[in-house]
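# Structural overview
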Amino acid sequence: MLQRIQTLYLLLASIVSVVLCVYLPYGMDQNGVELYAVEEQFLLGLFMGSAFLSLIAIFLFKNRKLQFVLGRLNIILNFILLGVFVYWSLTVSGETKISEKGIGMLIPIISIVLLVMANKAIKKDENLVKSVDRLR
């Protein structure tokens, strides 16, 4: 069913991954120029992969187990993205690339929270279906 709450969470996670990575900078370089994820192919690929996994999971509503697994893979992908941001921000040696951190580094955290809430709702639906099957 597409009208479940996990669909809303997955759609929000997809929108956050696509839209916010375009509009929010993840840092500033030594010249004060804001750095966006659209300019970095690696970051853009990770963000688009996260959005793509969320959209695929929305349409797998009949297969809740696979939907749950895709949610977990998406959480792992966002943790990798967060790890890249943390690594880049901690290895600032001599103002190489990122001189200041931006609000865009919080995008993976927002996505992780939305994906965890979606996975909880998926698990709740799966438990409900299992309990009804036991009564038959």
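Remember, it's a predicted structure, so these values are computed and weren't measured experimentally.

### As for the overall build of the chain
A tally of regular secondary structure across the chain gives four helices and three strands. Secondary structure elements of the chain occur, N-terminal to C-terminal, as α-β-β-α-α-β-α. Within the span of the chain, comprising 136 residues, buried residues form 38% of the whole. Split by element, the accessible area of the chain, about 8,000 Å² in all, is 68% carbon and sulfur.

### Some words on the environment of Phe85
Along the chain, the position of Phe85 falls in helix H3 (residues 64–90). You can call Phe85 buried: its relative accessible area is 1%. Each C-alpha atom of the pair Phe85 and Met105 lies 6.3 Å from the other, and the pair is 20 residues apart in sequence. Sequence-distant contacts of Phe85, that is, excluding residues within four places in its chain, are made with Tyr26, Leu43, Phe47, Gly104, Met105 and Pro108.

### Quick notes on the environment of Ala37
Mapping Ala37 onto the fold places it in the loop between strand E2 (34–35) and helix H2 (41–58). For Ala37, a relative accessible area of 3% gives the class buried. If sequence neighbours within four positions are ignored, Ala37 has contacts with Cys21, Tyr26, Leu43, Leu44 and Phe47.

### Here's the deal with the packing of helix H1 (residues 5–23) against H2
One can describe the packing of H1 onto H2 by two numbers: an axis separation of 8 Å at closest approach and a directional angle of 160°. On the basis of the axis angle, H1 is roughly antiparallel to H2. Regarding H1 and H2, the two cross each other, and that crossing is left-handed. Across the interface between the two elements, Thr7, Leu10, Leu11, Ala13, Ser14, Ser17, Val18 and Cys21 from H1 touch Phe47, Met48, Ser50, Ala51, Ser54, Leu55, Ala57 and Ile58 from H2. The residue inventory of the contact of H1 with H2, partitioned by class, reads 11 nonpolar, five polar and no charged.

Definitions and limits used
- Residues numbered from 1 in each chain as written.
- Predicted model: local features only at pLDDT ≥ 70, side-chain atom pairs only at ≥ 80, totals over all residues.
- Heavy atoms only, no water.
- Helix = DSSP H or I, 4+ residues; strand = E, 2+ residues; numbered from the N terminus.
- Buried < 20%, exposed > 50% of the residue type's maximum accessible area, 1.4 Å probe, protein only.
- Areas by Shrake-Rupley, 256 points an atom, 1.4 Å probe, with all protein chains shown as cover.
- Contact = heavy atoms within 4.5 Å.
- Axes fitted to C-alpha atoms, helices over the stretch in contact; angles between N-to-C directions.
- Parallel < 35°, antiparallel > 145°, perpendicular 65-115°, else oblique.
- Left-handed = near helix turned anticlockwise from the far one by under 90°.
- Nonpolar A, V, L, I, M, F, W, Y, C, P; charged D, E, K, R; others polar.

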